[in-house]
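As a plain string of letters, each chain reads:
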There are 2 protein chains.
Amino acid sequence: MESKNLKIMAYSRKIIDKLNAELLSYVKGEPVDLYEASAHLLKAGGKRLRPILLLAVAKGYGLEEDKALPAAVAIELLHNFTLVHDDIMDRDAFRRNVPTVHSIWGEALAILAGDLLFSKSFEAILDLEKKGIRHDLVVRATRKLAWASVTVAEGQALDMDFEKRDDVSEEDYMLMIEKKTAALFQAAAEIGAIIAGASEEQIKHIGEYARLAGKAFQIRDDILGLKADEKKLGKPVLSDIREGKRTILVIYALSKLDANKRRVLLSILGDRTAPIEKLRYAARLIEDSGAVQYAWIKARKLIDEALKHLEKSGVNDEVYEMLSELAEYIVSREK
Amino acid sequence: MESKNLKIMAYSRKIIDKLNAELLSYVKGEPVDLYEASAHLLKAGGKRLRPILLLAVAKGYGLEEDKALPAAVAIELLHNFTLVHDDIMDRDAFRRNVPTVHSIWGEALAILAGDLLFSKSFEAILDLEKKGIRHDLVVRATRKLAWASVTVAEGQALDMDFEKRDDVSEEDYMLMIEKKTAALFQAAAEIGAIIAGASEEQIKHIGEYARLAGKAFQIRDDILGLKADEKKLGKPVLSDIREGKRTILVIYALSKLDANKRRVLLSILGDRTAPIEKLRYAARLIEDSGAVQYAWIKARKLIDEALKHLEKSGVNDEVYEMLSELAEYIVSREK
């Protein structure tokens, strides 16, 4: 995350080196090619939002960082696994300002690198045992991780299916991002709470906070995909349009544009050979429809809802402040 | 497995319907496309060797079938996940007498179907908790599953790397099959023993039995890939040659053939456009080198070693007999 004068940023800076070292320690071995491909995206950086969320939540319920670390690593490994496979499926060539894994090592090894990260994610979370976390809590945390990975796969399937459809509703979209993006945020927060021994009520509220914030995160992602600075974002802007993704912006625009402009927008969506001028024109059609403003308000509402659950979550004051800031960061971030 | 007058076959017939029903119960949901793609290979059959091994071992240490079932399901789901991804990487069009997942649903959804099976495999093993298995044993069993999935990925990476090399030694090959094939057999047996509460000594011996039998299984697989009846095998014979796989047969033949024939064999290995006549010629070169006989003896020795560990494993008499038969079946099977 960016350097700002916020508690959550200070916290992130304090733990990031340890987190990164721990992350990479899980992706060492032979054959060298496989492990290099697996570590590639991890080494390229990333915001580490999900593991920081997990660690903050655990801290908020009284568990030391060091004990929660294997779970934080697990969440980030799982996230990176999904990115590696998604990049193959979406044929994306860049992420985090570096070429994607399959662009360097080819599809076969990239599939395998994703699989390895996935396996390592489970190895990591089971290492909670070594930190003295109770076995029943380790099982419950691991179950949540498996649930998240099932759910994210379902979400990615919906996302791909939507690319082929012109009738995707906002409701469809909300279900898709619930699965594809929000589930992992929810799992991160719930796992942090579970291993810290939080109550059922606390687990529920902190999970809801994260789930709603996760949805807002995806909406912000859609907006950034249209408007961000490409260097800052680390991946090509307008690729959502090229791939025909049914983002909330696209869905809104399609519902508001007149028949003629709607037809033009549909003809550009998913056209992988479209020149940049055409993509920019599509982006302008979307912007002119008022979609960005609409999406922004939607994200804002989700964050307000998330904050209500945070209030009831019972985390300590320090973490309460950090997680409020995190929620605000999620809708205001520029990358 | 085939219907023969053996205890292990009778056991397999007795439990297979329940096992299959349980397997499929984990692969139901939405989006429908994703779940159909995920269930496709499972529905096409398969020998279910690994889950049967797991159930038999658990029984051999006194655990009822029903309690071990989630782990048996987990092992077969993990196996099927690796098949779905391997088929993409190896560009195989048929398996179990049906088109492979990516041939029907495309690569993107096949990657995702594999990922889903992988996730479900962990959901399944964690369901041991619901059967009253002690939490520390559930954690240990799940750890073994994660270890197996890491190891299988490493093995597949070696296997693919070998296709590009002409200097693969028998030692390299043995390490590769240890990881790609034997690890999952070993995990199946060890997990069966772990959840049944077997001693460390027992877990070690039954694991060794399965590991060695697993290596013999792969060698038999190599032989069947050269000589089997295609219909019975359910996948194209000679595809190992087309893909340039460094099987034990190929490695032996390359070490024995004269320079001229060696060159010819190397020129055909991995030539995906080679007509069937050329593949058959390569197969003849391999056979004439004595490779099949050599591999058969190698497999036989591994089985003899495996049986020594089985003797020390302390499983009950009934299961001892079943697992002896299973070992013999592994090197004599025709599919």
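Residues numbered from 1 in each chain as written. Chains lettered and ligands numbered in written order. Predicted model: local features only at pLDDT ≥ 70, side-chain atom pairs only at ≥ 80, totals over all residues. Heavy atoms only, no water.

Residues and elements named next belong to chain A. A full pass over the atoms with the stated rule returns 70 salt bridges over all chains. E287 is the partner of K227 in a salt bridge, and the nearest nitrogen-oxygen pair spans 3.1 Å. With K227 in helix 9 (residues 200–227) and E287 in helix 14 (residues 276–288), this pair connects stretches of sequence that are 60 residues apart. Three or more residues joined by partner-sharing salt bridges are found here, namely D86, D90, D159, E163, K180 and K245. (Salt bridge = Lys/Arg side-chain N within 4 Å of Asp/Glu carboxyl O. Helix = DSSP H or I, 4+ residues; strand = E, 2+ residues; numbered from the N terminus.)

Between chain B and chain A, which share one sequence, the superposing operator has a rotation angle of 180° and an axial displacement of 0.0 Å; the RMSD is 0.0 Å. Read as a symmetry element, the transformation amounts to a two-fold axis. Relative to the rotation axis, the closest C-alpha in chain B is found at H135 of chain B, a distance of 2.7 Å. When the interface residues of chain B are mapped onto chain A, 100% of them again fall at the interface, so both copies present the same face. (Least-squares fit on C-alpha atoms with pLDDT ≥ 70 in both. Contact = heavy atoms within 4.5 Å.)

The subject of this paragraph is helix 12 (residues 248–256) of chain B. Residue and element names in this part refer to chain B. Among the 9 residues that make up helix 12, 7 are buried, leaving the element largely enclosed by the rest of the structure. Inspection of helix 12 places I248, L249, V250, I251, Y252, A253 and L254 among the buried residues, and these make up the whole buried set. As for helix 12, its buried residues are in contact with helix 8 (170–195), helix 9 (200–227), helix 13 (259–268), helix 14 (276–288) and helix 15 (291–312). (Buried < 20%, exposed > 50% of the residue type's maximum accessible area, 1.4 Å probe, protein only.)

Now for the packing of aromatic side chains. We describe a pair of aromatic rings using the distance from one ring centre to the other and the angle between the two ring planes. Residue and element names in this part refer to chain B. Using the criterion set out here, one finds 10 aromatic pairs over all chains in the structure. Between the aromatic rings of F185 and F217, the centroid separation amounts to 5.1 Å while the plane-to-plane angle is 45°, which identifies the pairing as tilted. One end of the pair, F185, is in helix 8; the other, F217, is in helix 9, and 32 residues separate them in sequence. Per residue, the accessibility class of F185 equals that of F217, and both read buried. (Phe/Tyr/Trp six-rings, centres within 6.5 Å; stacked < 30°, edge-to-face > 60°.)

A separate point is the interface of chain B and chain A. The partner chain A presents 40 residues to the 40 residues of chain B that form the contact. Linking chain B with chain A are 4 salt bridges, by the criterion used here. A salt bridge links R143 of chain A to D127 of chain B; the nearest nitrogen and oxygen atoms lie 2.9 Å apart. The interface formed by chain B and chain A includes 12 residue pairs in polar contact (both at pLDDT 80 or more). When residues of the side of chain B that touches chain A are traced back to their parent elements, those giving at least two are helix 2 (32–43), helix 4 (65–90), helix 6 (107–126) and helix 7 (135–163) of chain B. (Polar contact = N/O pair within 3.5 Å; in protein donor to acceptor, adjacent residues only side chain to side chain.)

Averaged over every residue, the pLDDT of chain A is 95; the share at 70 or more is 99%. Under the prediction, the complex receives an ipTM of 0.96, its pTM being 0.96. (pLDDT = per-residue confidence, 0-100.)

Let us look at the packing of helix 6 (residues 107–126) of chain A against helix 6 of chain B. Helix 6 of chain B packs onto helix 6 of chain A with a crossing angle of 20° between their chain directions and a minimal axis gap of 12 Å. The angle between helix 6 of chain A and helix 6 of chain B places the two elements in the roughly parallel class. Here the hand of the crossing between helix 6 of chain A and helix 6 of chain B comes out right-handed. Along the contact surface, helix 6 of chain A presents E107, I111, D115, F118, S119 and F122 of chain A, while helix 6 of chain B presents E107, I111, D115, F118, S119 and F122 of chain B. By residue class, the composition of the contact of helix 6 of chain A with helix 6 of chain B is 6 nonpolar, 2 polar and 4 charged. (Axes fitted to C-alpha atoms, helices over the stretch in contact; angles between N-to-C directions. Parallel < 35°, antiparallel > 145°, perpendicular 65-115°, else oblique. Left-handed = near helix turned anticlockwise from the far one by under 90°. Nonpolar A, V, L, I, M, F, W, Y, C, P; charged D, E, K, R; others polar.)

This brings us to the environment of G270 of chain A. Residue and element names in this part refer to chain A. Mapped onto the elements of the fold, G270 is located in the loop between helix 13 (259–268) and helix 14. Sequence-wise, G270 and L54 are 216 residues apart; in three dimensions their C-alpha atoms are separated by 36 Å. Beyond its immediate stretch of four places on either side in the chain, G270 contacts I241, R242, E243 and G244.

The subject of this paragraph is helix 2 of chain B. Residue and element names in this part refer to chain B. In a regular helix each residue adds 1.5 Å, so 12 residues correspond to 16 Å; helix 2 covers 15 Å between its end C-alpha atoms and thus fits that length. Listed in full, the buried residues belonging to helix 2 are L34, Y35, A37, S38, A39, H40, L41 and L42. Directly after helix 2, the chain includes G45, whose backbone phi takes a positive value near 105°. (Expected span 1.5 Å × (residues − 1).)

This part takes up unusual backbone geometry. Residues and elements named next belong to chain A. Cis geometry is adopted by the peptide bond preceding P31, which originates at E30 and carries an omega value of 0°. Here P31 is to be found in the loop between helix 1 (7–25) and helix 2 (32–43). Although it is not a glycine, R96 adopts a positive phi angle of roughly 50°. As for its position among the elements, R96 is in the loop between strand 1 (94–95) and strand 2 (98–99). Among the residues examined, R96 registers a relative accessible area of 15% and is labelled buried. Even without being glycine, L238 reaches a positive phi, approximately 70°. Note that L238 resides in the loop between helix 10 (230–233) and helix 11 (239–243). The exposure class assigned to L238 is buried, which follows from its relative accessible area of 6%.

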